[in-house]
Amino acid sequence: MRFFVAILFLFAAQFCLAQTSAEKPSYPSLAKKAAEFNEATVKKNFDKVVDSTYPKLIEKTGGRGKTLDTVRRAVEELKAIGFEVVGIKTKDVGDVQTFENEIFAVVPYVVTLKKNDGKKFIGEDFLIGVSPDGGKEWKFISGIDQEQLTALFPEVAAKLKLPELAELKPAD
């Protein structure tokens, strides 16, 4: 009888683990593509940043040229207040949802900023990776909050859970 109960328990445990992995699929290329996007940001490779941006976002915000100008302006504004992005470390993928045959995945990261006086600060932010082909290729939405996401993509914003971000703090 004990043997039968043990087998039943093992079967139930395997079933539960299979359910858990099915709920949060793995997309190996997502972390790699997110790291490439973040590296392009650090290196100020604005063309690569825009090329890696979700095309529907580019379309909704005025086209490639306007998006490129917005990215450049954001970096200039950061520099004007005395900061420069010097590093970005991608963290584990957060919430993943599918909408109209596209996968949306939250990719949190830690950003290191350096101030003009040499002091470094650490902050948190995230990308939203979007894949139209089951997770093979990814494009990204960056620098967006819940309100902006709702205005641009209301169906996505209704279900996708964005992380709460910690305040910028001095690096140790």
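Heads up: the structure comes first, above all this text.
Below is a summary of the structure that appears in this document.

About the criteria used
Residues numbered from 1 in each chain as written. Predicted model: local features only at pLDDT ≥ 70, side-chain atom pairs only at ≥ 80, totals over all residues. Heavy atoms only, no water. Helix = DSSP H or I, 4+ residues; strand = E, 2+ residues; numbered from the N terminus. Contact = heavy atoms within 4.5 Å. Buried < 20%, exposed > 50% of the residue type's maximum accessible area, 1.4 Å probe, protein only. Pairing = 2+ DSSP bridges. Polar contact = N/O pair within 3.5 Å; in protein donor to acceptor, adjacent residues only side chain to side chain.

Side note on the side chain of Thr 112
You can see Thr 112 is positioned in strand E3 (residues 102–115). Those residues in contact with Thr 112, other than ones at most four positions away along the chain, are Glu 84, Val 85, Val 86, Gly 87, Lys 120, Phe 121 and Ile 122.

Some points on the side chain of Asn 38
With respect to the element layout, Asn 38 can be found in helix H2 (residues 28–42). Since its relative accessible area comes to 3%, Asn 38 is described here as buried.

Focus: the pairing of strand E2 (residues 96–99)
A regular strand places its side chains on the two faces of the sheet in alternate fashion. Sheet topology places E2 next to E3; 4 bridges connect them, and they run antiparallel. Of the residues in E3, the one forming a bridge with Thr 98 is Ile 103. Counting the residues in the hairpin turn of E2 and E3 gives 2 residues, including Glu 100, whose phi is positive at 45°.

Brief notes about the environment of Asp 133
Looking at the secondary structure, you find Asp 133 in the loop between strand E4 (120–131) and strand E5 (139–142). The exposure class of Asp 133 is partly exposed, given its relative accessible area of 30%. Separated by 30 residues in sequence, Asp 133 and Ile 103 place their C-alpha atoms 8.2 Å apart. Reaching out from Asp 133, the side chain makes a polar contact with the backbone nitrogen of Glu 137 at a distance of 3.0 Å.

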